[in-house]
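This is what each chain is made of:
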Amino acid sequence: MEERTGGDPRQPEPAAGKEAGPAARAAAEGPAARTDPDPAEQESLERPLPERVRRRVVAFTGDALGGLTIAELPPPLRQYARFTPQRRAKFGGNAMAAALESDAAFRQRIASRVREQLPELTGALDEGTPPPAADPVDVAAAAYILRPSGWAKLVAAAGEEAQRAQAERAGEEAQRELARLRDELSQARGAARDEAERGRRELEALRKELDGTQRKLRSAQADVRRREASLRKLQEELDAVRSAAGTEKAALDSEVRRLKSRLAETESALEAGRRAAREGRSVEDMRVRLLLDTVLDAAQGLRRELALPPSETRPADTVDAVEPGRMSPKDVAARALSETDPALLDQLLALPQAHLVVDGYNVTKTGYPTLPLEKQRLRLLGGLAVLAAQSGAEVTCVFDGAELAAPVLLAPPRGVRVLFSKPGQTADELIRRLVRAEPPGRAVVVVSSDREVADGCAAAGARPVASALLLKRLARS
C-alpha cells in the first residue's frame, strides 16, 4: 500500500459493494469502468466562479489534500502535500483550482473527501435538493467539486445568492456606515455650531478688547505727542542755555587769559624787583649808575681826544662854563653831514655809551619789503650784529608783536637785543618806553622813518635818524 500524506492510515478502504452515489461509484470503478460520458461532465459555467466560491473551493481542496497519497496528487500539487491547509490555500490556490478544472480523477478524489467531511450537504446535492439553511457559498463550492446533475445551475444560483447576500450585507454595512456617518455629521455639525458660537463669543470679546486697546493706544499716542512737544521745548531751552553758557565761557576764558597775562606781568615785575633787591640796588640806582658810567666814559674820551695832561683841580675849574670838546647827539648834526650820509650814523654810535634803537619792520619794509617777515627779520638782525661788533654800541631791535598768533622762535645774534611788543601794544609805544627808560644825557639814537615815532623820541631827548640811513650803513658793511 502507498504512503498517504494525511488522515489515518489504519482507516479501512470503503467496501466495493457500498452505495456511494454516481460520482463516488465512477471514482471507485476507475476510468476503465466508464464507457459512456456523464451528462454532468458536459455542463459548464457561463461565467467564472465568484471569488468567494473560488476561495471556498480552494479551502475544501486544501483540507482534502491531506488525505491523499503522493501518487494520487497531480505533479504540480505534490510540492504542497506537506503544507498545512492554510498554507496550501495561500501558496497553491491557483494550482489546486487548475487541477480541479482539468483533472477529473483528482476532482473525484477530492469529491470523495468532501463527501466524508460534509455528508449531509453532499447527500442533499446528490438528490438535487440543497438544504435551504446551508451557506450558498458552501453549496456552490460543493456542487462545483461533486459535479451532480445541474451543478452549473446550482453554482450560478449559489453564486447569485452569495452575491445577493454579500450585497445585502454590503447594503446593511453601508446603512450602518451611513447611519454612523450621519451621527458623526450631526455631532460634527453640533460641534461646529458650538465652535462657531464659541468663536463668536471669543470674537466679540476680542473686539471689545481691541476697542479698549485702541483707546489706550490713542491715549498713549496723545501722551507721546505731548511728551515730544515738551521734549522739543526742553531741547530748545537746553540749546539756549548751552549757547549762553558757551558765550559766557568764551568771555570767562578771555578774562582768564587777560588775568593770566596780568598775573604773568605782575610776577615778572615782582621777580625783577626781588632780583634788584637781592642785588642791593633799585631801578633808579641802575639809572644813576648808568649815567655815571656814561659821564666817566665821556670824560675819558674827551681826555684821550684832547690829549690833556693830568692836572689838579684849580679854583677856576669851579667857574660855570662850557668846556671844550663836550657835545651831545644834537651837536653831531652841526658837522655839515647830510642826513642820508652813513658817516653820520658812525659819528652818533661813536659817542660814549651810545644806545641804538631800531624800528625793525619800518626798516625791513623800507629796504626789502618783498621778502617774508621771517627772512626780513633774519637779514636785519644779521646786519645789526655786524654793526654792533664794529661800533661797540648797545643795539636794541624792536618788532611789532601785536599780530603774532604764537611766540616767535628766534635766537638773537650776539650784541643785539630783540624785543616784540605785547598784545594790545605797538612797536612805536615800546620804542618810546625804551627812550623814556634811559637817563637824561645818554646818547640814544632811534632809527625809524615814522614821523610820529621820530617826533616823540626827539621830545624825550633821543636823536632820530631815517631808516634809509641805517640801510646804507648796513650795505657798506
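Look up a bit, the structure's there.
Note that the structure is predicted; figures quoted are calculated from it, not measured.

Novice: Describe the overall build of the protein chain, listing the residues and the values that go with them.
Specialist: Helix and strand counts for the protein chain come out as 16 helices and 5 strands. A total of 477 residues make up the protein chain; the buried ones form 29% of that total. A fraction of 62% describes how many contacts in the protein chain between residues 6 or more apart in sequence connect residues 24 or more apart. Summing over all exposed atoms, the protein chain offers an accessible surface of approximately 31300 Å²; the carbon and sulfur share of this is 54%.

Novice: Describe in detail the sheet that holds strand β1 (residues 355-359), supporting the description with residues and values.
Specialist: Hydrogen bonds between backbone atoms are what pair the strands of a sheet, whose relative direction is either parallel or antiparallel. Reading across from one edge, β3-β2-β1-β4-β5 is the order of the 5 strands in this open sheet, with parallel pairing throughout. With partners counted over all chains shown, the strands left at the sheet margins are β3 (416-420) and β5 (463-465), one partner each. Averaged over all pairs of adjacent strands, the angle between strand axes in this sheet comes to 20 degrees, irrespective of strand direction. Pairing of strand β2 (residues 394-399) with β3, which is carried by 5 bridges, proceeds in the parallel orientation. Note that in β3 the partner of V395 across the bridge is V416. Those strands touched by helix α13 (residues 373-391) are β1, β2 and β3, and its axis lies near 170 degrees from that of β2.

Novice: Just give me the short version of the nonpolar core, but keep the residues and values in it.
Specialist: Core analysis: the biggest nonpolar cluster contains 34 residues, and V57, F106, I110, L125, Y144 and I145 have the highest contact counts within it. Contributing elements (two or more residues each) for this core: α3 (51-65), α5 (93-102), α6 (104-117), α7 (119-127), α8 (136-146) and α9 (151-279).

Novice: Give a description of the packing of aromatic side chains that names residues and reports values.
Specialist: If you walk through the whole model with that rule in mind, you get 2 aromatic pairs. Taken together, the aromatic side chains of Y361, F399 and F420 make up a single cluster linked through ring pairs. K365 extends its terminal NZ or CZ atom over the ring of Y361, reaching a point 5.6 Å from the ring centre.

Novice: Describe helix α14 (residues 427-437), listing the residues and the values that go with them.
Specialist: The α-helix winds at 3.6 residues per turn, so residues separated by three or four positions along the chain end up facing the same way. Within α14, burial applies to A427, D428, L430, I431, L434 and V435. Taken down its axis, α14 places every buried residue within 165 degrees of arc, on the same side.

Novice: So what's going on with the side chain of E438? Residues and values would help.
Specialist: Its place among the elements puts E438 in the loop between α14 and β4 (444-447). On the basis of relative accessible area, E438 is assigned to the buried category, the value being 14%. With near-sequence residues (within four places) excluded, E438 lies in contact with R287, L290, H355 and V444.

Novice: Describe in detail the side chain of S448, supporting the description with residues and values.
Specialist: Inspection of the secondary structure assignment puts S448 in the loop between β4 and α15 (451-459). Overall, S448 belongs to the buried group, its relative accessible area being 5%. A polar atom in the side chain of S448 sits 3.2 Å from the side chain of D359.

Novice: Describe the packing of α3 against α6, with residues and values.
Specialist: Across the interface, α3 lies against α6 with an axial gap of 9 Å and an inter-helix angle of 85 degrees. Compared by their axis directions, α3 and α6 come out roughly perpendicular. Counting all contacts with α3, which are made through F60, T61, D63, A64 and L65, the residues of α6 involved are F106, I110, R113, V114 and Q117. Classifying every residue of the contact of α3 with α6 gives 6 nonpolar, 2 polar and 2 charged.

What counts as what
Residues numbered from 1 in each chain as written. Predicted model: local features only at pLDDT ≥ 70, side-chain atom pairs only at ≥ 80, totals over all residues. Heavy atoms only, no water. Helix = DSSP H or I, 4+ residues; strand = E, 2+ residues; numbered from the N terminus. Buried < 20%, exposed > 50% of the residue type's maximum accessible area, 1.4 Å probe, protein only. Contact = heavy atoms within 4.5 Å. Areas by Shrake-Rupley, 256 points an atom, 1.4 Å probe, with all protein chains shown as cover. Pairing = 2+ DSSP bridges. Axes fitted to C-alpha atoms, helices over the stretch in contact; angles between N-to-C directions. Core = buried A, V, L, I, M, F, W, Y, C linked by side-chain atoms within 4.5 Å. Phe/Tyr/Trp six-rings, centres within 6.5 Å; stacked < 30°, edge-to-face > 60°. Lys NZ or Arg CZ within 6 Å of the ring centre and 35° of its normal. Arc of directions from axis to C-beta. Polar contact = N/O pair within 3.5 Å; in protein donor to acceptor, adjacent residues only side chain to side chain. Parallel < 35°, antiparallel > 145°, perpendicular 65-115°, else oblique. Nonpolar A, V, L, I, M, F, W, Y, C, P; charged D, E, K, R; others polar.

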